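# An overview of the molecular structure
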Amino acid sequence: MTGAKSRFGLERQRMRHLGTQHWNQSAPVLYEHAIRRGEGELGFGGSFSVSTGLYTGRTPRDKYIVEERGTKDTVWWGKINQPLAPERFESIHQRMLAYLQGREIFVQDLYAGADPTYRLPVRVVTDSAWHSLFSRNMFIRPPVEELEGFEPAFTILHAPKFLAIPEFDKINSDVFILVNFAERLVLIGGTSYAGEIKKSVFGYLNFELPARNVLPMHASANVGPKGDCAIFFGLSGTGKTTLSADGSRTLIGDDEHGWSPKGIFNFEGGCYAKVINLSPVQEPEIYATIGRFGTVLENVVLDKETRIADVDDQSLTENTRACYPIDFIPNADPHGLGPHPSNVVMLTADAFGVMPPIARLSAEQAMYHFLSGYTARVAGTEKGLSNAPEATFSTCFGAPFMPRHPAVYAKMLGARVKEHGAQCWLVNTGWSGGTYGVGRRMPIAHTRALLRAALDGRLAGTSLREDPNFGLYVPEGCPDVPSEVLDPRGTWSDKKAYDETARELTRRFAANFAEFEPFVGSEVKQVAIRPAV
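Just so it is clear, the structure is predicted and the values come from calculations on it, not from any experiment.

## Re the overall build of the chain
Looking only at helices and strands, the chain features 13 helices and 31 strands. A compact globule built from 533 residues would reach a C-alpha radius of gyration of about 24 Å, and the chain, at 23 Å, matches this within 12%. If one aligns the C-alpha atoms of the chain with their principal axes, the spans along those axes are about 70 × 55 × 45 Å. Within the span of the chain, comprising 533 residues, buried residues form 60% of the whole. Within the chain, contacts between residues separated by at least 24 positions form 72% of all contacts whose residues are at least 6 apart in sequence. If you average the places of the 56 positive and of the 60 negative side-chain charges in the chain, the two averages end up 3 Å apart.

Written out as structure tokens, the structure is:
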């Protein structure tokens, strides 16, 4: 047994006859174990590079929530939150405990939640050294003096090479992510993709915190020089991490936050940035992390001779990642806390190229777009996609991680926006001048200029025009941005094609919102996007 061990030992969690237990080891020690075990290789500058094999992203069809008295009437059951009988969970749990007997184990005792009032003590138990390093990077590391008395309120039992028996266990495949809220336990097996660890904690907080009057958010956050806070909702590929890591503002966190009666707090102690096509010019803060000791590079291809990361190589996956402690970002707030937001930004990467680059939203429009959670996927982002864009609606900008009904989170957001007078914005980081394959991606420089003008108040007094298709209020001008950029129709050479594409997207918005319309008030229904008759 090595490392600083808690008095709340693994035997109290039904784990017995284990091999060597490594408790709360530091990054250098975990590097040594991972190299010894052949789990990865060193990259140029000291990063640790790993390949996750077959699964290079989450497998949402393999996630289940145990249906019991506490979840039966509170979980939003369906394709996303699939029910599992308690006896099925227990069967896999028992076999997993048996599988781990005699094996070398790595334990990390960590916190989720920068605000001590709402902090969740998390224990990650895995038989993989690099996943232990990932967890240590991703969550908040307690002071050494707190480890002896650490008692987990939530545990992840992780064995990536242990497989379920789908025919026997009555689940979709041999991969499983099983969530048991009653036992405060998650079982993960069959996949090495580390994002399942991160999102299991997020899912638990999304279930628990609304009952404590905290809105959990799939959003990044930062603070400006005047102390003004901004939050950025967005799905993968919309720029949430990139845009929040702005050198002119202090980063609170890049992905997951809570909005409590006191303000904003980060759930995590690290970042899990998507690094495909990362630019050292446009994204210097994030780019600098890929060559640092302590960073875990996931499915990033290294040059065989120099071991320099090739961030443009997507031969393993388009979903390449870097996991690093948040203090690797020079302007990050070590406390992970911020005031109530002055601005709420919702990011979409519209690959159809018809939505404006920025628009101001009312509180009701913010609730509508929060429930819609629109972006568009293109070829390369997921297997099986054609060259044509595919509209994606992920409610709350994070449907796979929301156990409760989306209306719960949307009503909390609307109430907070109104209470604190936050300005709301919809920002399109996608295409302009045509759809994907015809137009071009919105330059980051333009998006940053638009955001800075919105956040520092320069757009507040700008005259607005109403977009005829989406009912959005679009500024007619912005410093440092060409005026033609603000008119998406004007950027298209084929105006008829723009009109047809925009009308088709409004129909998709309307069809998606039909599911949520019964759960919102008349004010939100009035601002819903409707196709022209």
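So much for the structure itself; the text now carries on.
## With respect to empty space enclosed by the protein
By the definition in use, this model includes 2 cavities of 30 Å³ or more. In this structure, the largest cavity encloses a volume near 60 Å³. Lining the largest cavity, in full, are N222, F232, L243, D246, R249, R448, L451, R452 and L455. Per-element accounting of the lining of the largest cavity gives the leading share, 4 residues, to helix α11 (residues 444–455). Tallied by class, the residues present in the lining of the largest cavity amount to 4 nonpolar, 1 polar and 4 charged. Estimated volume of the second largest cavity: approximately 40 Å³. T348, M355, H369, G373, Y374, F397, L426 and F509 are the residues that line the second largest cavity. When the residues that make up the lining of the second largest cavity are grouped by side-chain class, the tally is 5 nonpolar, 3 polar and no charged.

## Quick notes on the sheet that holds strand β4 (residues 48–50)
Here 5 strands make up an open sheet; going across it, the order is β3-β4-β18-β21-β17 and the pairing mixed. With one partner strand each, in any of the chains shown, β3 (41–42) and β17 (270–274) form the two edges of the open sheet. Here β4 pairs with strand β18 (residues 296–298) via 3 bridges, running parallel. When the bridges of β18 are listed, F48 appears paired with V296.

## Some words on the packing of helix α3 (residues 129–138) against helix α6 (residues 195–208)
Angle between the axes and distance between the axes are the two parameters that describe a pair of packed helices. Taken N-terminus to C-terminus, the directions of α3 and α6 make an angle of 40°; their axes are 10 Å apart at the nearest point. Accordingly, the angle class assigned to the pair α3 and α6 is oblique. Considering how the two elements wind past one another, α3 and α6 form a crossing that is right-handed. Of the residues in α6, those in contact with H131, F134, S135 and M138 of α3 are G195, I197 and K198. When grouped by side-chain class, the residues that make up the contact of α3 with α6 number 3 nonpolar, 3 polar and 1 charged.

## Some thoughts on the packing of aromatic side chains
Aromatic ring pairs are reported here in terms of the distance separating the ring centres and the angle at which the planes meet. Evaluation of the coordinates by the stated rule reveals 26 aromatic pairs. Residues W492 and Y498 carry aromatic rings whose centres are separated by 5.5 Å and whose planes lie at 80° to one another, so their mutual orientation is edge-to-face. Accessibility assignment for this pair places W492 and Y498 in one class, buried. Note that K199 overlies the ring of F401, its terminal NZ or CZ placed 4.5 Å from the centroid. We note R404 situated over the ring of F207; from NZ or CZ to the ring centre the distance is 4.4 Å.

## Some words on the pattern of salt bridges
Counting across every chain of the model gives 27 salt bridges. One salt bridge in this structure joins E148 and R7, with 3.5 Å as the shortest N-O distance. Here the residue E148 occupies a position in the loop between α4 (144–147) and β9 (154–159), and R7 occupies one in the loop between β1 (2–3) and β2 (21–23), the gap between them amounting to 141 residues. Look at E148 and you get partly exposed, because its relative accessible area is 47%. Note that K199 is salt-bridged to E256, the shortest N-O span being 3.3 Å.

## Here we look at the pairing of strand β11 (residues 185–189)
Extensive coverage of β11 is indicated by the burial of 5 of its 5 residues. Of the two faces of β11, the one holding L185, L187 and G189 and the one holding V186 and I188 are both buried throughout. Here strand β10 (residues 176–180) runs beside β11; their pairing, made up of 5 bridges, is antiparallel. Bridge pairing in β11 links V179 to V186. Following β10, the chain reverses through 4 residues before pairing antiparallel with β11; R184 in that reversal takes a positive phi of roughly 55°.

## Points about the side chain of T506
Checked against the element boundaries, T506 lands in helix α12 (residues 495–513). Within the local environment of T506, its side chain forms a polar contact with the backbone oxygen of R503, the two atoms lying 2.6 Å apart.

## Observations concerning the sheet that holds β10
With mixed pairing, the 9 strands of this open sheet are ordered in space as β1-β2-β7-β8-β9-β11-β10-β5-β6. In this open sheet, the two edge strands, each paired with only one partner strand, are β1 and β6 (82–84). The sheet contacts of α6 involve β7 (105–112), β8 (120–126), β9, β10 and β11, and relative to β9 the element is tilted by about 155°.

## Some points on the environment of R292
Here R292 lies in the loop between α8 (284–287) and β18. For R292, a relative accessible area of 35% gives the class partly exposed. Taking the C-alpha atoms as reference points, R292 and G45, 247 residues apart in sequence, are found 5.4 Å from one another.

## Describing the environment of P166
With respect to the helices and strands, the residue P166 is situated in helix α5 (residues 166–169). Between the alpha carbons of P166 and F181 there is a distance of 22 Å; along the sequence they are 15 residues apart. Each residue touching P166, except ones within four places of it in the same chain, is listed here: I171, N172, S173 and D174.

The rules behind the values
- Residues numbered from 1 in each chain as written.
- Predicted model: local features only at pLDDT ≥ 70, side-chain atom pairs only at ≥ 80, totals over all residues.
- Heavy atoms only, no water.
- Helix = DSSP H or I, 4+ residues; strand = E, 2+ residues; numbered from the N terminus.
- Rg over C-alpha atoms; globule rule 2.2 N^0.38 Å.
- Buried < 20%, exposed > 50% of the residue type's maximum accessible area, 1.4 Å probe, protein only.
- Contact = heavy atoms within 4.5 Å.
- Lys, Arg positive; Asp, Glu negative; His and termini not counted.
- Charge placed at Lys NZ, Arg CZ, Asp CG, Glu CD.
- 1 Å grid on protein atoms, 1.4 Å probe; cavity = no way out; pocket = protein on both sides within 12 Å on 5 of 7 lines; lining within 4 Å.
- Points joined across faces, edges and corners; volume = space filled by probe spheres on them.
- Nonpolar A, V, L, I, M, F, W, Y, C, P; charged D, E, K, R; others polar.
- Pairing = 2+ DSSP bridges.
- Axes fitted to C-alpha atoms, helices over the stretch in contact; angles between N-to-C directions.
- Parallel < 35°, antiparallel > 145°, perpendicular 65-115°, else oblique.
- Left-handed = near helix turned anticlockwise from the far one by under 90°.
- Phe/Tyr/Trp six-rings, centres within 6.5 Å; stacked < 30°, edge-to-face > 60°.
- Lys NZ or Arg CZ within 6 Å of the ring centre and 35° of its normal.
- Salt bridge = Lys/Arg side-chain N within 4 Å of Asp/Glu carboxyl O.
- Polar contact = N/O pair within 3.5 Å; in protein donor to acceptor, adjacent residues only side chain to side chain.

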